[in-house]
Amino acid sequence: MNFFKKIFSINTKGNSFPRKERYPENSKGDFYVENQVCITCGAPEAEAPDLIEHSKLEYGHCYFKKQPTTADELDRAISAMQVSCIAGIRYGGKDQAILKRLSDLNLQAECDYTLKDVLKEYNEIDKQK
């Protein structure tokens, strides 16, 4: 499983690869499934069935039907990221605590922003005040 994660979670910062595209059925929010990456393994849905399901429109593609709003739901969303065999579940937010947690779990490649970049951004905003 880690072999597939390494193949599909290439850090594109500084490369000419396009930014990650969200599958269109994802609910609005920070957690999402990348478009055309799901292989219908069923593992993420098993970890967070209240948050993730398979599309009724396109065979097999999973998506976030609901964003996590409680600590328990956040735990399940992160567990779904951990069991995703091809790193198709991503975090696109800038919450420092979540980015730190994902980094500690070795999931920083599945984040759209690094904790370092977010901290730098906040420091620059503070300097402008």
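Draft legend 1. View of the packing of aromatic side chains. Counted under the stated rule, the structure contains three aromatic pairs. Taking the centre distance of 5.8 Å and the plane angle of 35° together, the rings of Phe-31 and Phe-64 count as tilted. Here Phe-31 is found in strand 1 (residues 31-33), whereas its partner Phe-64 is found in strand 3 (residues 62-64), with 33 residues between them in sequence. Both residues of the pair, Phe-31 and Phe-64, count as buried. With 5.0 Å between their ring centres and 55° between their planes, Phe-31 and Tyr-91 make a pair best called tilted. Of the two residues, Phe-31 sits in strand 1 while Tyr-91 sits in strand 4 (residues 89-91), which places them 60 residues apart along the sequence. When sorted by exposure, Phe-31 lands in the same class as Tyr-91, which is buried. By way of ring pairs, the aromatic residues Phe-31, Phe-64 and Tyr-91 are connected into one cluster. The ring of Tyr-113 carries the charged tip of Lys-94 above its face, separated from the ring centre by 4.7 Å.

Quick notes on the rules
The residue count restarts for each chain, going from 1 along the sequence in the order it is written. pLDDT decides what is reported in this predicted model: residues at 70 or higher carry local features, side-chain atom pairs at 80 or more are listed and counted, and totals for whole chains, interfaces and linings draw on all residues regardless. Think of the side-chain values as coming from all heavy atoms in the structure, minus any hydrogens and water. Geometry of aromatic contacts follows a simple scheme: Phe, Tyr and Trp rings, the Trp one being its six-membered ring, pair when their centres are within 6.5 Å, and the pair is stacked under 30 degrees between planes, edge-to-face over 60, tilted otherwise. What counts as a helix is a DSSP run of H or I of at least four residues, what counts as a strand is a run of E of at least two, and both are numbered from the N terminus. Exposure categories follow from relative accessible area, calculated using a 1.4 Å probe and restricted to protein chains: below 20% of the type maximum is buried, above 50% is exposed, and the middle band is partly exposed. Both a distance and an angle decide whether a charge sits over a ring: NZ of Lys or CZ of Arg must be within 6 Å of the ring centre and within 35 degrees of the ring normal.

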